[in-house]
Amino acid sequence: MAVKKNSEIIILSLILLLSGFIRLYQLGFSHYYGDEIKTLYLRKDVSAFNFLMDQRKGPGQFMVSWMAEKVNGGYRESAIRFPYAIAGTLLVLMFYIFVRQNFGVNTALFSVIFFSLNGFYIAFSRTAQYQVLYLLFGFLCLILAKIYMDKKKLPLLIASAACLSLALLSHYDGLFFLIPLFFITDRKNFLKITFLGLIISAFFYIPNIYLGFFETNTFGYISKRLAGENYLKNNSLYTISVYNPLYIYSLTFLAFSVIGLIKTKVRYNDLLFAWFLVPFATFQLLILNPGTHIHNYLIPLSIFAGLGAEYLLNLFIK
């Protein structure tokens, strides 16, 4: 039973209002912690080019923090975090639109509740870091690609590729969006969007590699994460519990995800399985210290949870 249009608008509006309040409330809650400070362009005696190149990831978060500093004329915590909180709120909406496009209204409403209340995405929205940026642009890439497949208008393809490049310029984890992109497009247009997105992002990464910044900053860092070198022992279940301390949420999320995995048969099941398995294998089997990057496989699980909730609702109605 599909939700009526008016009901959908009301429910979604309430979810977005709650999401925005949680993400925007008291953004000056603490001083900057280590990784936030790294996003700030503090040393003005260093050129902006060298500052952006001399990092372990793309320029996305550094550009956003720098623009926030320019607009607000300083480094006040709430002001620097504000654009990330806005991006985190918009991310909730983009997630909803993507799920609605591919799985329907009911699944989208259930899924976005799980997604919006997930402690990872709340925390990411309240700190000056890259996560909400690459997720926002990644979902925009998918949404525009889906519309392009229906409309076949070139500007949509270019916009989708541009969003993919912005995701990659925010963090390498943006590559995981290639998995759903592969399933919602045909092979020809998948290659077009991917190739164009890589070409655009190459304007940053080619100088970064050629000038030696990648080897100096990024390669060694990734190697240490792979080997778990100089890091405390990592436990993903503990990390999930830290970000989601309300056990009723975690248990409900897990139960509905399992039901969605087992009971539902939808058009894009392969998309969800691949989107879950590739990040899961990467961060649980290959990388010994994945940290919060494990959230990448919680995204498709949120959709599985929505499918599970919809299955139970239909069962109840019957």
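Structure: see above.
Here goes a summary of the coordinates provided. (Residues numbered from 1 in each chain as written. Predicted model: local features only at pLDDT ≥ 70, side-chain atom pairs only at ≥ 80, totals over all residues. Heavy atoms only, no water.)

As a further point, take the side chain of Gln61. Inspection of the secondary structure puts Gln61 in helix α4 (residues 60-72). Polar side-chain contacts of Gln61 include one of 2.9 Å to the backbone nitrogen of Tyr130. For Gln61, the residues in contact, after removing those within four places along its chain, are Thr39, Tyr84, Ala128, Gln129, Tyr130 and Leu133. (Helix = DSSP H or I, 4+ residues; strand = E, 2+ residues; numbered from the N terminus. Polar contact = N/O pair within 3.5 Å; in protein donor to acceptor, adjacent residues only side chain to side chain. Contact = heavy atoms within 4.5 Å.)

All told, the structure shown has five salt bridges when counted by the stated rule. Put simply, Glu69 and Lys44 hold a salt bridge, and the shortest N to O gap is 3.1 Å. Here the residue Glu69 occupies a position in helix α4, and Lys44 occupies one in the loop between α2 (34-37) and α3 (48-53), the gap between them amounting to 25 residues. Residue Glu69 is classed as buried on the basis of its relative accessible area of 11%. (Salt bridge = Lys/Arg side-chain N within 4 Å of Asp/Glu carboxyl O. Buried < 20%, exposed > 50% of the residue type's maximum accessible area, 1.4 Å probe, protein only.)

Below, the discussion takes up the packing of aromatic side chains. Inspection of every chain in the model, using the stated rule, returns 31 aromatic pairs. Ring geometry for Phe115 versus Tyr121: centroids 4.4 Å apart, planes at 20 degrees, classification stacked. Neither residue differs from the other here; Phe115 and Tyr121 are each classed as buried. Three or more aromatic residues link up through ring pairs in this structure, and these residues are Phe95, Phe98, Phe115, Phe120, Tyr121, Phe124, Tyr130, Tyr134, Phe139, Phe177, Tyr243 and Trp275. The residue whose ring lies beneath Lys44 is Tyr41, and the NZ or CZ to ring-centre distance is 4.6 Å. (Phe/Tyr/Trp six-rings, centres within 6.5 Å; stacked < 30°, edge-to-face > 60°. Lys NZ or Arg CZ within 6 Å of the ring centre and 35° of its normal.)

Once that is clear, we can look at unusual backbone geometry. The phi dihedral of Gln26 is positive, around 50 degrees, even though this residue is not glycine. As for its placement among the helices and strands, Gln26 is situated in the loop between α1 (5-24) and α2. Residue Gln26 is classed as exposed on the basis of its relative accessible area, which comes to 51%. Here Lys152, not a glycine, exhibits a phi torsion of approximately 55 degrees, which is positive. Tracing the backbone shows Lys152 in the loop between α8 (131-151) and α9 (154-170).

Let us now look at the nonpolar core. In this structure, Phe139 and Trp275 are the most contacted members of the largest nonpolar core, which totals 74 residues. Sorting elements by how many residues they give to this core places α8 first, with 13 residues. When residues no more than four places from it in sequence are discounted, the contact partners of Phe139 are Leu91, Met94, Phe95, Phe98, Phe177, Trp275 and Ile299. Residues Leu169, Phe204, Tyr205 and Phe213 belong to the second largest nonpolar core, which totals five residues. (Core = buried A, V, L, I, M, F, W, Y, C linked by side-chain atoms within 4.5 Å.)

To continue, consider α4. For α4, which comprises 13 residues, the first-to-last C-alpha distance of 18 Å matches the rise-based estimate of 18 Å (1.5 Å per residue) to within 8%. Along α4, the residues classified as buried are Gly60, Gln61, Phe62, Val64, Ser65, Ala68 and Glu69. The inward-facing, buried residues of α4 abut α3, α5 (77-103), α8 and α9. Trailing α4 by a residue or two, Gly73 shows a phi angle of about 65 degrees, which is positive. (Expected span 1.5 Å × (residues − 1).)

Function cannot be inferred from these measures alone, as they are strictly geometric.
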